[in-house]
Every structure is written in C-alpha cells, then in structure tokens.
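# Breakdown of the fold
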Amino acid sequence: LNGDAPISSDGSLYFVKGMPESILGECQTHTAHDGSAVPLTESGKARALAESRKMAGCGLRVLAMAYGPSLETLTFAGIVGLEDPPREGVVESVAHLEKGGVKVIMVTGDSRETAIAIAKRCGILGGPKSISGDSLSDNDRPAVISSKKRGSSFEDSGTEDEFLDLSSSTASTYDIEYGQHALSGAELDAIGAHNLPDSIIGVKVFYRVAPRHKLALVRALQKRGEVVAMTGDGVNDATALKAADIGIAMGKGGTDVAKEAADVVLADDDFTTITHAIAEGKGIFFNIRNFLSFQLSTSFAALAMESIATAFRMPSPLNAMQILWINIIMDGPPAQSLGVEPVDEKVLRAAPRKVTDPIVTRALLIRAVSSAALI
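What counts as what
- Residues numbered from 1 in each chain as written.
- Predicted model: local features only at pLDDT ≥ 70, side-chain atom pairs only at ≥ 80, totals over all residues.
- Heavy atoms only, no water.
- Pairing = 2+ DSSP bridges.
- Helix = DSSP H or I, 4+ residues; strand = E, 2+ residues; numbered from the N terminus.
- Contact = heavy atoms within 4.5 Å.
- Axes fitted to C-alpha atoms, helices over the stretch in contact; angles between N-to-C directions.
- Phe/Tyr/Trp six-rings, centres within 6.5 Å; stacked < 30°, edge-to-face > 60°.
- Lys NZ or Arg CZ within 6 Å of the ring centre and 35° of its normal.
- Parallel < 35°, antiparallel > 145°, perpendicular 65-115°, else oblique.
- Left-handed = near helix turned anticlockwise from the far one by under 90°.
- Nonpolar A, V, L, I, M, F, W, Y, C, P; charged D, E, K, R; others polar.

### Considerations on the sheet that holds strand β10 (residues 205-207)
Taken together, the three strands give an open sheet; going across it, the order is β6-β10-β9, and neighbouring strands pair in parallel fashion. Since the sheet does not close on itself, it has two edges, and those belong to β6 (106-107) and β9 (182-184), each with one partner. Note: β9 against β10, three bridges, orientation parallel. For Leu183, the partnering residue across the bridge sits in β10 and is Phe206. Along the sheet, helix α4 (residues 112-122) makes contact with β6, β9 and β10, crossing β10 at roughly 150°.

### A closer look at the packing of aromatic side chains
Applying the stated criterion across every chain, the model contains zero aromatic pairs. Across from the ring centre of Phe285, 3.9 Å away, lies the NZ or CZ of Arg353, which sits over that ring.

### Notes on the packing of helix α11 (residues 271-311) against helix α15 (residues 362-374)
Closest axis-to-axis distance for the α11/α15 pair is 8 Å, and the angle between their directions is 40°. Classified by the angle between their axes, α11 and α15 sit oblique to one another. Remark: the crossing between α11 and α15 carries right-handed chirality. Seen from α11, the contacting residues are Arg289, Asn290, Ser293, Leu296, Ser297, Phe300 and Ala301; seen from α15, they are Leu364, Leu365, Arg367, Ala368, Val369, Ser371 and Ala372. A per-class count over the contact of α11 with α15 returns eight nonpolar, four polar and two charged.

### Points about the sheet that holds strand β5 (residues 73-83)
Within the open sheet, the five strands sit side by side as β1-β4-β5-β2-β3. Their pairing is mixed. The sheet terminates laterally at β1 (14-18) and β3 (37-39), the two strands that pair on one side only. Neighbour-to-neighbour, the strand axes of this sheet turn through a mean angle of 40°, independent of strand direction. Taken together, the five bridges between β1 and strand β4 (residues 60-70) define a ladder with antiparallel strand orientation. Within β4, the residue paired with Gly18 across the bridge is Ala64. Helix α2 (residues 42-57) contacts β2 (27-31), β4 and β5 of the sheet and is inclined by roughly 15° relative to β5.

Here it is, written out as structure tokens:
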C-alpha cells in the first residue's frame, strides 16, 4: 500500500482477508499498479474469481485481501495462494485404509477446487496416487512463477510483472470428473436432515462447511450403520468429535476443548498413526478369537470326557490335579502365544466388521467343537 491509503476519522484502517467470493462482494475499488484505488467493475470481479479458481485448482488455499477505513468501504488488494501439501505418508495411509475397507472422507472449509485438488493428490478421489515427482500430473504440480504483463487497471494489461502461471490448471475438468463426489455446506443445508443419509452416498469431499455440517454428517453416517471416526483439532470440532463413535483429536496442534471431547488423542498429529491403530485393532480382535477357539476346544474336550464317564457311570478319566495341570500348564502358554501372534496381511485387508457382530460366532463354535472331538 502507498502512503495515501484511506484512513477513517478516528485513525482506523481495517485489513480483511477471507473467501474471494465474500471479499470481492464487499469491495467497490481495487488497488492499481501505482497503488491508487480505482473502481472495481463486475468484469474485474469475474477475472479475480477466475484467477482464484485456477489457483485453487492447483491445490492452493486461496485468500482474498482488502483494506479500507471501514468495513463498508473496502478496497480489493489482491489474492494470495498458500501451498499446504499433504504430509509424508498420507497417500500411502489412504491407500491402505481403502484396501482395508475404510472409507476416507474429506470435510473442509476450503473452496471446491482446492478440496478436489487436495483430495485427488491424497488419493481420496481417483484412487491412490504416486508421490514420485515424475508421476505427478499437471493438476498435481504446484503453480510456478512466470513473467507476464499486468496493467494499472485490473481489467487491462500493460506492464510486465511476476505472478502465478496457472495456464495448466484444469478446474473445469475436476467438475466434470469428480463433481458428483463433492458437496458444499450450502447444498447440505438444502438437502435436509431426513434425506441426508441417502444423499451423501458416494460423496467423498465436503467443502465450504461449517461446524454444524460436521455434526450433521456424523449423524447421517451413523444412521446408515457406519462406524464413524472423526478427526479434529479446533473448538468448533468438539461437538462432532463427541458425537462420533471414535473422536480423534490432535495432541500437538489441538485445543484443550477438542482433546476433552475426543476419545483418542494423537500424540504426534500424524495421520499414519490412525492406520497403524486400525491394523492393531484388527489384529487384536483376530487373536482374541484364536485364543477363545483354543480355550473352548480344550474345555469342550475335558467336559465331554467327564460327561460321557458320568453318563455311563464310569470312573473319572481325569482327577482334579490333572485338570489343573491341563488348564494352567498345557492351556495357558499356548493360548498366550496365540494372543500375541503376528496377524496375516489378509486379515488386515479384510473389511471392518459390523458393530453387532459377536466375538463368538457360529464358525468359531464349529471349529472349537471339531477340535474338541479330535482331542
């Protein structure tokens, strides 16, 4: 800004940032090349929105900047794109979760183009992506700086300056290819709570959402019988974290309110930790069933021997000391080893079980009885 920036009578000067759509709607002027404020026309607003969508299509978080003596007389200063790439290991974690039957859904306040670009980069949309530099498509590459002309007026071009070269962005392609997999917060409000569970089937990205939308999504997924794990770090995420079956808060960057509302706190704020926890949970449940199968088979065998001997008035084949020996020495160590046995990869890739599924199933009982008969 130049030294002639408008200041209110009380010496105040407001600086505002936010969504380009909202900021441009409040601005009547924009900053020209020489720093002066000139009228902002509808064509200028359209050009700014087009540029912001191109930047968002590259995966940038786009913010519009404005200033003025009051919130009613703002001057548009420009748009800024923030590069916030996925953390290391996120792409692989999403791929592992999808293979294991876990559905990964993105809920964000970013724009449609940014949300779809990041979701595609993470493998949430379009399947798992390679993270090697050679395999990146044009839409996955960050925007680059090039030299082009920009004029003193927002609608004209004249002088040479540096800005983002977004000619490779294909945001419209996203709308055609992935548009059916994305819904906005406004669209969620229009659907209504009763129809929401059926309306969000197949949707993997929710953008421009408010905290109330996160809570509505959690309840809608639960109505469909899904087990919902919700991640969050802010105060506004507390209600959704509390309502989810498993609320997961960030340990480093999360607020105290989010941590109190959550069931699990990630000490390292790493998404890959969730993947390891799910794999560990599947392994523990599988080993518990192996433990029960072994214990039931030996118990059924001993019970059958005693029952047959009692029914035919025969002497007991096992005395008390032998039964204790079997339970403590012969059953204990093998059962414990089954409880810590490494889990096969097929078990980790299996679809998540339903909440209503019992631990002791019919197949487990048949296996235990057949093993007892052999014993």
